[in-house]
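Structural overview
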Amino acid sequence: MTVLTQLIDELNAGRLRVVDLSHSLGPDTPVIGLPPIFGASPGVSIDVISRYCDQGPAWYWNVIHMGEHTGTHFDAPIHWISGKDLPENATDTIPPRRFVGPACVIDVTADVQRNNDYLLMPEHVAAWEATHGRIPAGAWVLLRTGWSTRTDAASFLNVHADGPHSPGFHATTSMLLAKDRDVLGVGVETVGTDAGQAGTFDPPFPNHGIMHGAGKFGLASLRNLDQLPATGAIVIAAPLKIANGSGSPLRVLAIAPA
Ligand code: MN
C-alpha cells in the first residue's frame, strides 16, 4: 500500500478528515478598508449570465467581480513592494509544491479576547515550541484567534475612530518565522495578515513587508482553525493561477486527524 492509497483509506474510514478553512464568498464578504488617499478594493458582485432561462435554457453561470484580496484569500510575495523583484513571486509562478505544508496552529484566542490589538511575540512562539516542538521549515503557521466567529462585517473589521483593531504579529515575530524558521507563510482569521493598527506601526504593515520580502505567503480570513490540532494537520492552499496575480480568493483545505 502506498502512502496515497493509505491516505484515501484513512479518509474513507473517518480517521482523517478534510477541514474547510474557508468562508463563503459573496456580496456580504467584508473587504479591508484603507485611508481614502489609497485605491480601494471593491466588494464582491455576482451577476447571473443565465439560469435556465432564455439567455441559457439548460445552464446556470455567473460573472464574478472582486479584488484579488477578498474573503478567504492568498497573498503572494509580489503583493508587497518588498517582494516585487523576487523570482517565482506571483500566483502563476509559485511552484505548486509550496502550496502544501504542515500546519502549526498557535492558539491565542484567550489573549485576543482580552486585547483585540494582541500581537504575537517571539516569546509566545518559544512557549508554543516548548510544548509542541520546533516549527519546521516549510510549515504554514496559523494564528488561531477566534476572530472568525465575528460573523457581521462591523465586528469583523472592528473599525473605531482611530482605525481598525484586530490581532497580528510583532515585526520581530515575522522576522523569526520568515528567516529563522523558514515557514511557507502565515495564516490568520482576520481580514489581513497584519494587525488592524499596523498602518500606524514603524514600519507600517511589518508582517506584509517582512514575509513577502522573504518570499513567504499569507492566508487571510481563515476559519475553523479550532478544528485543527496544534500540529499534525497539513494545509493545501493553492491560489487561482492568475497571470502575474498578487493573490486570489481560494479554498483552503486542511487534512487533519479525526
Ligand atoms: Mn491580502
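Quick summary incoming for the structure in this document. (Residues numbered from 1 in each chain as written. Predicted model: local features only at pLDDT ≥ 70, side-chain atom pairs only at ≥ 80, totals over all residues. Heavy atoms only, no water.)

**Side note on the overall build of the chain**
Summing up its helical and strand segments, the chain has six helices and 15 strands in all. Relative to a compact globule of 258 residues, whose C-alpha radius of gyration would be 18 Å, the chain shows 19 Å and is just as compact. If one aligns the C-alpha atoms of the chain with their principal axes, the spans along those axes are about 65 × 60 × 40 Å. Residues classed as buried in the chain amount to 43% of the 258 residues present. Summarising the internal contacts of the chain: among those between residues at least 6 apart in sequence, 74% fall at separations of at least 24. In the structure as shown, the chain presents an accessible area of about 12900 Å², 58% of it carried by carbon and sulfur atoms. With 16 positive and 24 negative side-chain charges, the chain shows a spacing of 6 Å between the two charge centroids. (Helix = DSSP H or I, 4+ residues; strand = E, 2+ residues; numbered from the N terminus. Rg over C-alpha atoms; globule rule 2.2 N^0.38 Å. Buried < 20%, exposed > 50% of the residue type's maximum accessible area, 1.4 Å probe, protein only. Contact = heavy atoms within 4.5 Å. Areas by Shrake-Rupley, 256 points an atom, 1.4 Å probe, with all protein chains shown as cover. Lys, Arg positive; Asp, Glu negative; His and termini not counted. Charge placed at Lys NZ, Arg CZ, Asp CG, Glu CD.)

**Thoughts on the coordination of the manganese ion**
Summarising the metal site, the manganese ion is bound by the protein donors His69 (ND1), His73 (NE2) and Asp75 (OD), whose distances to it range over 2.2 to 2.3 Å. Donor residues for the manganese ion sit on one chain with the sequence pattern H-x3-H-x1-D. Note on His69: relative accessible area 17%, which makes it buried. (Donors = N, O, S within 2.8 Å, 3.2 Å for Na, K, Ca; no water.)

**Overview of the side chain of Ser166**
Mapping Ser166 onto the fold places it in the loop between strand S9 (163-164) and strand S10 (168-169). Among the residues examined, Ser166 registers a relative accessible area of 6% and is labelled buried. Not counting residues up to four positions away in its chain, the partners in contact with Ser166 are Asn116, Asp117, Trp147, Thr190, Ala195 and Gly196.

**Here we look at the pairing of strand S5 (residues 100-107)**
Where a strand is regular, its side chains alternate between the two sheet faces. Here four bridges tie S5 to strand S13 (residues 233-236), and the two strands are oriented antiparallel to one another. In the sheet register, Gly101 faces S13, and the bridge partner there is Val235. When S5 meets strand S7 (residues 140-144), the two strands line up parallel, connected through five bridges. Each residue of the ladder has a partner; that of Cys104, found in S7, is Val141. (Pairing = 2+ DSSP bridges.)

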